[in-house]
Structure formats: C-alpha cells, structure tokens
Amino acid sequence: MTDTAAPSYAPSYVDPARPPRRKWRLVRGVWKFLVAIKDALVLIAMLLFFGLIFAALNARQGTTAIKDGALVLDLNGSIVEQPEEQAAFAALSGQSRTRQFRLRDVVRSIDTARTDARVKVVVLDLDSFGGAYPAALGEVGDALARVRASGKPVLAYATAYTDGGYRLAANASEIWVNPLGGTIFMGPGGNQLYYKGLIDKLGVNAHVYRVGRYKSFVEPYTRADQSDDARAASTALYGTLFAQWREAIAKARPKAQIAQFMTAPDKVILASNGNIAEANLRAGIVDKLGDRTSFGRRVAEIAGSDANKPAGNYTAIKYDAWVKANPLPTAGDSIGVLTIAGEIVDGESGPGKAAGKTIEKAVLDGLAKKTLKALVVRVDSPGGSVMASEQIRLAILEAKRQKLPVVVSMGGLAASGGYWVSTPADVIFAEPGTITGSIGIFGVIPTFENALAKIGVTSDGVKTTPLSGQPDITGGTTPMFDAIAQAGIENGYRQFVARVAASRKMTPARVDEIGQGRVWDGGTARQIGLVDRFGTLQDAIDEAAKRAKLDPAKVHAEYLEKKPGFLATIAQDFGNDGDDDAGGGDAFAHVAADRRQMLARAVGDMKRLATSGSIQARCLECGGMGPTTSGVGDAKLLDLLLARIGF
C-alpha cells in the first residue's frame, strides 16, 4: 500500500501589503487599453498626415490641363509684393486666413490671358477684395485695360465695390453689382488711433527721440490728436493720390458719374429711395444688376457651361492653375531681382518681412554664383529698423563693388527705411502712386515707473556711473540718457541725409529740406529728385539689362528669395482650393471688417510700443492707402485678447 500525502486545508499566507491578483489584472488591463488607444491615435494621425500629403500632391492644380473657359480672378484677399509664408498646417487645421496675391503673378496671369485663345473672358470677382497700394492697383488696372483693348471681354462682379476694387473694375467691359448691394465711395483718409490718453491712465511714460518735423509715426504715443504738420502732410499726400484715383476712373470709364457720389452721396441715394445699386446703375458706375446666378449665366454665354451642373455655372480656369501653367521665363542671361517687402526687421524672417540677415544672405549668395549681370532691387516697404536697413544697403553695395548695375524699382511703398535701402541705386523707378520719402528716424522707449507706483512698487539701487541701469524701464530714464539717445538719433538722421545726398547728387541742406519725415507721392518725388523715372518692375529689369549692355528681350529675372518650404507649399495648395462663389457681404459688411482691422492694428501698436527696441525709420501715413487687412500677428493677438475677456 502506497502512502499518499493528505491534502492540506490550512489557509495560505497572504501579504497584506500586496494587492490581490484580480486588482493587478484590472490595472494591467486598463494600462493595455490606454496604450492601445494611444497607438491607434498615433496610427490615425500618421495615416491622416500622409493622406493629406498624398491628396495635396495629387490635387496640385499645375498638373491639370487648361481647357477653354473663363479665367477667374477671385481676388479674395489683398494684392502684395511678397505674400507671407503660410503656417504649415494653418489651412489643414481649418484656421481662417486672408489670402495674399503676389502682384507680379496677378499681372502675368492677366497679360498671358490676353493673348491665349483658351481664355474666352476674364472674370474679376471682387466680393472679398482686400485692397492694395495705389501703385499696385494701377498696374493691375492697366493689365486689365490691355485685355479689354484687345477685344477680349472682362466681366467684374461684387456685392459692393470698395474704392480699390472699383479702381480695378472700372477697366472691365461689363461691371455687375448685386441688386441688394451697391457701392458708396469713401475716399482715402479717416481717423488714426492715438494712445496718449491710455498711456497716461496706465502710467506709462513713452520717451520719444526723433528727428523730422513731419515724422509722425511717434505721434500716437505722444499726442491725443494729429499735429498741424502731420495733418498738412497727410492732406497733401491723400489729396494727390485721390486725384490720381479719380483720373484713372475717368480714363477707364468716362460715363461713370462719380462726382456726385463724392460730394453729395446722400442726395443721390435718397433720390433712389435708398436703393444704392439702382443709383449706381443710373450714374453709369455699373452696367448690370444681378445676383451670382445671373452673372454666371452671362459668363456662360461667352465661356460655355456644363449642362449637368446647377444654373449659373460656367467653364472656369482657376487662377492658381493658370499661374502654374504660365511660369516665369528662364531663358537668357540672369538679372537678379531682390525683393524688399514688408516691415524691415533685424535678424531672420520668412517672406512678407524684410529681415536684414535674411536679405543680406540672399544678395551675397546670389552674387557668389557669378551669373548675375545686374541687380534690380524691388522695394515695397514702410521701413523699420535702421540697423537692418543699413545691413541691406551694404549688401546691395557689394553688387556695385562687383561692377553690376543696380536699379531700384519702387512698388506701392518705399518710405523711411524703404528709401534708405534704395540709396545705392544708379537709377530709381517708381509709379505716380508710389508712396515714398519719409526721410527721418526715431526711437521710442517706454518706462513704467508711474504704473508700478500705482500698485505700490518702487525701485532703488546702487549706481556706479551716471548711466548704470539705463534705460531703466522700472525707474525711468535720466536727463543724461535722454540727451545721449537724442544725440544718437540726430546722428542717424545726418547719416540718412548724407546717404541720400550722395545718391541723388544733392546738398545735405536740400535733402534736409525735402526730408524731415515728409511723405511724398511718386509724382512729386520725381519732381523734387527723389525718383528718376516712372515705370514698372519690368521697366526696371529692361533698364538694368541695357546698363549691362544686354538685349532686354534676351534676359530673364532671377528672384533672390527663399523658396517656400515643402509643408508650406502643401498648405498653400490646400488653402487655395476654396469655393469660387464665396461672397464678401454688402457695403456695411465691408465697413465692419475695416473697423475690426483698425482694432487689430491698435492692439498690435500697443505690443510694438512695449517690445520695439531699436532705432526706427518707419512711416505712419503709409498704411492709410494700402490693403485693409492688418498683419497676421495683429489679428491673432486681437483674437487672443477677445477670447481672454470672454468675447
């Protein structure tokens, strides 16, 4: 008989510090579940990311064939010299943005459409047009006039035309407006925001150092209203530009009775029982009243349509597809074109801002290739940092040291620092509507000793020299520091004057006389010697070729600028694939949008006051005649502020 161990029924020992196995299994299960969710989300994100890239690459309009139809210029944004680079995923995330159209692309698209038989009609959609500087409007308007003169129809549509939009539409063979819309001309000018009262209430001291009787950029921080000198300068500038606008309208559309809409718009509109569109029609400002469907039917009569699509459709050639199908020429010798567009800032930056280091590198890299025969500098800037302006000027001078002709082409705006960088030119081209001059500099340093005192904060300490701790933003500046700072600004102004005098072959006294921060229109600037000739960028390129002893017909422009990054290109392809029929609202909607832009600029101005740390050569009046859209940074800052206060 085999002995068998008896089963033990004694209870096993359990460590009270150790959780039961069932709890461990539960924890492990939850953890695995969370890890699985994480892996799934990562996988979905990767699939979505690569799917979007694949879709963007396949949707790029440059690969599609151009068929006969209407070239649609849906200008749902502003026309600028150099568009800002889009954030890589801004469009993909659904963030709203205002588009910027490159001036040279718009003009090229119109000029190529004029001679291409595939384009049966040019459609100008101005419902959401964000404006442009007068010189840019003139260049685009002239291109449209060339199409119209060739016999090819140009049809314009908007619910309500802005002044800038009508400057373009006046060159159309047919101008349409929505019966429930209509156009009221505003003219240039309006109120500028002044922050002196707010600054005083906050206890902020804005220490201003300036040279230039008309250098009004600092006035919003030092005054509650416009000075007499600034008012006189703005009145002269705006008056001249407004006269040019009226002359352009009269030339393009002689039958338009715009005078009565300028002097007594209320009487004209009341005579039509408040029907603004009908008043426009009677005055010859527009040709047809109709909604988008009616307008679409009219375009379809010329361009054709698809019977299987809704009423009002027509065969359209999209703008982006057309631009890609008509690239810049590349044959012949290279004429370098350096673009200085936007605010001039120190350091590095992407397109849309003229960063000193970035532009310097672009010039030196271009010259290092030894293929450029001349250099054209395209300026469209209100100025900015004096240090960055000088950095750019010295880089341009390197081209002259290499015996290259240097020609400056001023776009819509070349003032303050924008004129500083123009001084190395052998010849300067501008348009009659170019805003230029503003030869003067300034610096602003805010201090907060009064603001801190309001909440019981003071400052004190040991100073080993009279300038220890200066400029002291918590305790204020000293008279000695103020004197030194003002002397530095005056020295900078003398250098500015000397550079202009040497460039324009004037005496320093004469430059000082036409300087003093005064802003001029291009026509007056030519009369007083700040500009040599009227002409476009192409005229400047032709002149540079001649100075290099080349045939202008056998050269091409090589743009010395950073190409958009891969992700930015993808974002652009997505962001530009919008509906062609997106409307822009009536006249009142345009007014509301303009007021929002003013508020955004106000918020941005206060930020710039607190953060600007360099001597500036910048123009205040320049913004009054340009695109209505504020900077992207200002708009984002306003959105953040409104969100924080509950709007």
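One can find the structure itself at the top, above this paragraph.
Thresholds, definitions, all that
- Residues numbered from 1 in each chain as written.
- Predicted model: local features only at pLDDT ≥ 70, side-chain atom pairs only at ≥ 80, totals over all residues.
- Heavy atoms only, no water.
- Axes fitted to C-alpha atoms, helices over the stretch in contact; angles between N-to-C directions.
- Helix = DSSP H or I, 4+ residues; strand = E, 2+ residues; numbered from the N terminus.
- Parallel < 35°, antiparallel > 145°, perpendicular 65-115°, else oblique.
- Contact = heavy atoms within 4.5 Å.
- Nonpolar A, V, L, I, M, F, W, Y, C, P; charged D, E, K, R; others polar.
- Buried < 20%, exposed > 50% of the residue type's maximum accessible area, 1.4 Å probe, protein only.
- Pairing = 2+ DSSP bridges.

## Quick word on the packing of helix α13 (residues 356–368) against helix α14 (residues 386–401)
Two packed helices can be described by the angle between their axes and the distance between those axes.
Move 1: Put simply, α13 and α14 touch, their axes get as near as 8 Å, and they point 5 degrees apart. Overall, the two elements α13 and α14 adopt an arrangement that is roughly parallel. Contact with α13, carried on its side by G356, K357, I359, E360, V363, L364 and L367, involves A388, Q391, I392, A395, E398 and A399 of α14 and no other residues of that element.
Move 2: Looking at the contact of α13 with α14, its residues break down into 8 nonpolar, 2 polar and 3 charged.

## Describing the side chain of N280
Move 1: Inspection of the secondary structure puts N280 in helix α10 (residues 276–282).
Move 2: Note on N280: relative accessible area 0%, which makes it buried.
Move 3: When sequence neighbours within four positions are dropped, the list of residues in contact with N280 reads G182, T183, F261, I285 and V286.

## With respect to the sheet that holds strand β4 (residues 119–125)
Sheets are built from strands that pair by backbone hydrogen bonding, the pairs being arranged parallel or antiparallel.
Move 1: If you trace the 6 strands from one edge of the open sheet to the other, you get β8-β6-β5-β4-β1-β9, paired in parallel fashion. A strand with exactly one partner marks an edge of an open sheet, and here the two such strands are β8 (288–289) and β9 (316–318).
Move 2: Relative to β9, strand β1 (residues 69–74) runs parallel, the two being bridged by 3 bridges. Within the sheet, the bridge partner assigned to V72 lies in β9 and is K318.
Move 3: Sitting on the sheet, helix α2 (residues 103–115) touches β1 and β4, and the angle it makes with β1 is about 165 degrees.

## A look at the pairing of β1
Move 1: Along β1, 6 of the 6 residues are buried, which leaves the element largely enclosed by surrounding structure.
Move 2: As defined by bridge partners, β1 adjoins β4 across 6 bridges and the pair is classed as parallel. If you follow V72 over to β4, its bridge partner there is V123.

Limitation: the analysis is restricted to geometry and does not speak to function.
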